[in-house]
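Chain by chain, the residues:
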Amino acid sequence: MHLDAERRHWGVPAIITSGFRCEEHNRRVGGSTNSQHPLARALDSVIQGVTLRQRYDYYQSRWPNRYGIGVYPADNMLHFDTRTDGPARWVQEGQVFQL
């Protein structure tokens, strides 16, 4: 629902790079022990022609005090999840991005 609204906003397709992950796969790919992926509450995506800054600002402006938003500059990828335990914001380790 949230990604589809974003896709309509930019007018270009969104490419989902990761969605639900079983616990074993989540560990293999280096997912957090608190990952929302095994709970089917998270997805990672890229949108060609839209900067990571634009995408982050889009989500942050709509849900400043909700959900999880992670940015992965090395892959131009944005993580979005619908966690219920408060907002979370992060940047890929070793990367630079001003939240």
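Reading guide: rules and limits
- Residues numbered from 1 in each chain as written.
- Predicted model: local features only at pLDDT ≥ 70, side-chain atom pairs only at ≥ 80, totals over all residues.
- Heavy atoms only, no water.
- 1 Å grid on protein atoms, 1.4 Å probe; cavity = no way out; pocket = protein on both sides within 12 Å on 5 of 7 lines; lining within 4 Å.
- Points joined across faces, edges and corners; volume = space filled by probe spheres on them.
- Helix = DSSP H or I, 4+ residues; strand = E, 2+ residues; numbered from the N terminus.
- Nonpolar A, V, L, I, M, F, W, Y, C, P; charged D, E, K, R; others polar.
- Buried < 20%, exposed > 50% of the residue type's maximum accessible area, 1.4 Å probe, protein only.
- Arc of directions from axis to C-beta.
- Contact = heavy atoms within 4.5 Å.
- Polar contact = N/O pair within 3.5 Å; in protein donor to acceptor, adjacent residues only side chain to side chain.

Participant: Go over the layout of surface pockets, please, and point to the residues and values.
Facilitator: For the largest pocket, the calculated volume is near 350 Å³. Lining the largest pocket are 18 residues, and of these Gly-31, Ser-32, Tyr-72, His-79 and Trp-90 sit closest to its centre. The leading source of residues in the lining of the largest pocket is strand E4 (residues 77-81), at three residues. Here the lining of the largest pocket is composed, by residue class, of four nonpolar, nine polar and five charged. A volume near 160 Å³ is recorded for the second largest pocket. Those elements giving two or more residues to the lining of the second largest pocket turn out to be helix H1 (2-10), strand E2 (42-46) and E4.

Participant: Give a description of helix H3 (residues 52-62) that names residues and reports values.
Facilitator: Those residues of H3 lying buried are Leu-52, Arg-55, Tyr-56, Tyr-58 and Tyr-59. Buried residues of H3, viewed axially, fall in a sector of 155°; they line one side. If you follow the buried residues of H3, they end up packed against H1, E2, strand E3 (68-72), E4 and strand E5 (88-91).

Participant: Describe in detail the side chain of His-37, supporting the description with residues and values.
Facilitator: Along the chain, His-37 falls in the loop between helix H2 (23-28) and E2. Judged by relative accessible area, His-37 falls into the buried class, the value being 2%. Among the polar contacts listed, one links the side chain of His-37 to the side chain of His-79, at a separation of 3.4 Å. Each residue touching His-37, except ones within four places of it in the same chain, is listed here: Ser-18, Gly-19, Phe-20, Arg-21, Asn-26, Ala-42, Leu-43, Asp-44 and His-79.

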